[in-house]
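Structure assessment
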Amino acid sequence: MEIRITVPILKNTRRALLDAPKFESFHDPVEINDAFRVHFSKSGLATLLHSMRYKPNASWAWHRLCREAEDLTRTHAVSRLLCLTHLSTHWERVGVVPYSHQLATAHRVIEEMRGRAILADEVGLGKTIEAGMILKEYMLRGLVRRTLILTPASLSRQWFYEMREKFRIPVVMQRSQYDWLRHECIVASIDTAKRQPHAAEILSQDWDMLIVDEAHRLKNSRTQNWQFINSISKKYFLMLTATPVQNDLKELYNLITLLKPGQLGTYRDFKQRFVQDKRTPKDSKQLQNLLSQVMIRNRRGKGTIEFTKRIVHPVAVTLTEQEQQFYRMLHNFVRTKMQTSLALKRTILPYITLLREACSSSWAAALTLKKLAEKAGPDSKDLLSLLEMAVNIEISAKIECLLKILGEYGHEKVIVFTEYRGTQAFIKRHLEEAGLATVNFDGSLSAGRKEFTKFLFSRYGDVMISTEAGAEGLNLQYCNKVVNFDLPWNPMRLEQRIGRVHRLGQTQDVLVFNLATAGTIEEHILKLLHEKINMFEMVVGELDAILSQFGASGSLESRVIDILTKADSEEELRHEFDELGDDILKARQLPSEVGIFELYP
Amino acid sequence: MSYIPSVLSNDRPAETPVESLTDLSIKEPTPAALKGFQKFLEIFCQYMKMKLEWLCPNLALLHLSNEAASLLEGRRIPGYTCKLALSPQTAAKHPDAALFMPGSYHWDRILEIVREKASNCSKYVVEITALGKAVSLPETDGGLLVYEPHLLIHWCLNYVTGNVSQQRNLDLAINLISGDLFYGYFQSLLACQLEETPLPHIPKTRAKISYKKAYDFMLQELNYMLSNESSAWAKPAQAHLELELTALAKYYAGQSTEESSFNKSQWEYDKSRRELKQRLAPRVMASPFATALIYAPIITYEMDFDGEVLALRFDPVTGQSLG
């Protein structure tokens, strides 16, 4: 059954603002001749009967105006891309500027690739925008109705926001197994989608458009992910990845075959024609030609798409005497507890978190200490004395440092990131005391409250204090100063924080201040990121490529935890961090050795 | 078996060349089009009883009534004032103005309101005040004037290929007594200076053909019309589809002989074929966007000819005799 858009329902604000269209069902096609078929509207008759029965005697004048307006609409379409005209005013309001490479990509995918493509732009060039434009265009043309967007769990919300806010596409986040049938445009985590009973529901339906983000996870045809995506019945299909080729040409073959079976022939033919060894292609020109028919890659750099500069200031904060004493005591306590826990094969994560919180702020650590003390009951003597120390700290060196930085920029907008809600509240209290208009932004806020907070910050706020969880889907191109009040152990998170402001649409150089407390684990992290792997000098997107060479980005975090657990002295800690830095540097060298990167169209 | 992917073959139809980026921008409408947009907006405002001011030739200041605002933006939205720019150039000069041209958000929204109002349009009574210059109703010159129901449907035909869709509108009317079908009936009604008045005290005939049957007749007629049209628009798309299908068939034939990890089932092949056809097969999607039931005059002349009564039915709207 074919579907096309007719009259949008204008029942309430929410639907109206989201452009929710009403769709029409069609009869099975009638063969006209060898060349084409006709699909006649099925719901047209029902609408006719309904209007004759329930809505008689409308004005002839409206009828005439309707026909005239429909004729004007058909004869004076002014753009090759309907979404461009349709969204132009909205984009002006929400600050979306479609870049020429994005327009060209959307146009090429629709006109040339006929709706099946791998969008392989380098990170930060707006693959999501391209996918949104393509989806909206197909919706406006009446060719797409049921849409499924599968992403890693951490990105689902971001997609949800982007599609709704930037394209007014009425997507919903999948929450239950009934959502697959109940809604027409769904964003879901791929890991949820592939599990039963969800998978069965998805596979039982025909989807007009399937979008898969981070599609490099589909490189192996033996995985459940690949098999699942391959089994979904879909008309148009977009795969988004910044790294479609990494280690093995077979992975590339798997990816392309998932998109368009037969594009590269059978695997045996592909191997014969194009594979010299696992990583080296032969006849690369011809292979590149074939790839360019299904893959689009836009790059950064001179003459193409340039970002503003990123100026990073590492700021080593010397703790006050009180704070240092507290940290030392806490470190000793944590080490003892970790050793005991490891011996008993218990989790050490609460203690690691406690240590990280102490680096962030004494208030964040105090909250956790209180919880641990309550849990420990009569054995909480140590914890209570630590708690007492934490709450009695009068001056926070980090807060002093933050106020100094903010003081330099008057009332210019600044975003401060922290990992902990406790620290967030702590900072807010101090900044408000200093007379700064401050808003908090975190994952606990409802969608409406998030919107309101963003509005408050854009209009009246001086400082936004955000956690990473809250910052997903947050685009603040109008702000160009970022303070990392504490440092996450996963560099990708740091990259994502900075990416909130350092992205397409940013017109000024971006200033980043990384606060790290001297003499703590944070100092080692800062050294590793700044001096050893020099991550802040990297071009946008280079980091994730390196980390994926190094292993999963999460594994860096676990290496740091390992180091922390095993190192007995400060010297050993330094040595271990040096080794970790060397490993990352090795991974950085790897891509240049791989000839398959030349294959990118 | 040596397999050459279809995409390498030279006889594949030429792909659409990638256009230069400037071609993707929104084009300035022609002066004739601008006039059309202006007229549409003015009439819309008049019908909705809204105030419209022209600040400059292509820039309108629209005072949205409560009804229009709630229709445009959702329930309980109070009326407000907005600026509408009728061309991209004007919109660029006035950043506080919203673009208003076919395809733009405001155009589409207002068109929805118009469609909603017009979709209800049924049960008209047509009084023809002048037929051309010669005849004026109800001067029937001795004929019997009755009002017969006509179902008028405006159709949108959407010609879809893998990468393009083009649309055209046409109207088709059917006499619900005789089953006669008319193209261009809407234009004829306009030419006849149709006026919306209460039904005169003239006999009105009950429909003999149900709406469902009338709708089916129209589908048959459209089917016939489309089968007699040129199918040149569909041929390149059909050829492209054939090539893709052949490539797919070759791929799955090659698959069955090797020990790859792919699912070789017939089911997967059938699924891929179906997806290809859904995506690339050229087709026409026909759907109605407005309907009206019109009681239009039919004059019946009777003449006694050698004892046999001959009857001629004349439709003054289309100017045709109906036999």
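How each quantity is defined
Residue positions are given per chain, counted from 1 along the sequence in the order it is written. Here chains are named by letter from A upward and ligands by number from 1 upward, in the order in which they appear as written. For a predicted model such as this one, the threshold for reporting local features is a pLDDT of at least 70, and the threshold for listing and counting side-chain atom pairs is 80 or more; totals across whole chains, interfaces and linings nevertheless cover every residue. Computation of side-chain values covers all heavy atoms of the structure but excludes hydrogens and water. Only the stretch in contact is used when a helix axis is fitted, and all axes are lines through C-alpha atoms; the angle between N-to-C directions ranges over 0 to 180 degrees. For helices the rule is a DSSP run of H or I covering at least 4 residues; for strands it is a run of E covering at least 2, with both sets numbered from the N terminus onward. Oblique is the label for any angle not under 35 degrees, not over 145, and not in the 65 to 115 range, which are roughly parallel, roughly antiparallel and roughly perpendicular in turn. Should the near helix be turned anticlockwise from the far one by less than a right angle, the crossing is termed left-handed; should it be turned clockwise, right-handed. Whether two residues are in contact is decided by their heavy atoms, any of which lying within 4.5 Å being enough. Side-chain classes follow a simple rule in which Ala, Val, Leu, Ile, Met, Phe, Trp, Tyr, Cys and Pro form the nonpolar group, Asp, Glu, Lys and Arg form the charged group, and the remainder, Gly included, forms the polar group. Throughout, exposure labels follow a simple rule: accessible area from a 1.4 Å probe, protein chains only, divided by the maximum for the residue type, with under 20% read as buried, over 50% as exposed, and the rest as partly exposed. Pairing between two strands requires that DSSP report at least two bridges joining them.

Before going further, it helps to spend a moment on the packing of helix α15 (residues 321–343) of chain A against helix α18 (residues 381–391) of chain A. All names here are of chain A. Packing of α15 against α18 leaves a shortest axis separation of 10 Å and a crossing angle of 160°. What the angle tells us is that α15 and α18 run roughly antiparallel. Note on packing geometry: the crossing formed by α15 with α18 is left-handed. Residues Gln325, Phe326, Met329, Leu330 and Phe333 of α15 touch α18, and the partners they reach there are Asp382, Leu383, Leu386, Met389 and Ala390. Here the contact of α15 with α18 is built from residues that sort into eight nonpolar, one polar and one charged.

This paragraph deals with the pairing of strand β10 (residues 283–305) of chain B. Residue and element names in this part refer to chain B. With respect to burial, β10 is a largely interior element, 18 of its 23 residues being buried. With 17 bridges joining them, strand β6 (residues 144–160) and β10 adopt antiparallel strand pairing. Across the sheet, residue Tyr147 finds its bridge partner in β10, namely Pro297. The hairpin formed by β10 and strand β11 (residues 308–315) contains two residues between the paired strands, and Asp306 there has a positive phi angle of roughly 50°.

A separate point is the environment of Gln187 of chain B. All names here are of chain B. As for its position among the elements, Gln187 is in helix α5 (residues 185–191). Using a relative accessible area of 45% as the deciding quantity, one classes Gln187 as partly exposed. As a C-alpha pair, Gln187 and Thr318 span 131 residues in sequence and 9.2 Å in three-dimensional space.

The subject of this paragraph is the sheet that holds strand β15 (residues 414–418) of chain A. Residue and element names in this part refer to chain A. Taken together, six strands build an open sheet; the order of strands is β14-β19-β18-β15-β17-β16 and the sheet is parallel. On the outer flanks of this sheet lie β14 (310–317) and β16 (438–441), each paired with one strand and no other. The sheet shows a mean angle of 20° between the axes of neighbouring strands, direction not considered. By the bridge criterion, eight bridges tie β14 to strand β19 (residues 510–517) in an arrangement that is parallel. Note on β19: the bridge partner recorded for Val312 is Val512. Across the sheet, helix α19 (residues 397–408) touches β14, β15, β17 (463–467), β18 (481–484) and β19, and the angle it forms with β19 is around 160°.

Moving on, we get to the packing of helix α17 (residues 362–376) of chain A against helix α20 (residues 421–433) of chain A. Relative placement of two packed helices is described by the angle separating their axes and the distance separating the axes. Residues and elements named next belong to chain A. In the contact formed by α17 and α20, the axes pass within 7 Å of each other and the chain directions differ by 135°. Considering their axes alone, α17 and α20 lie oblique with respect to each other. Where α17 crosses over α20, the two elements pack in a sense that is right-handed. Residues Trp363, Ala364 and Leu367 of α17 lie in contact with α20, whose contacting residues are Gly422, Thr423 and Phe426. Among the residues making up the contact of α17 with α20, the classes are represented as four nonpolar, two polar and no charged.

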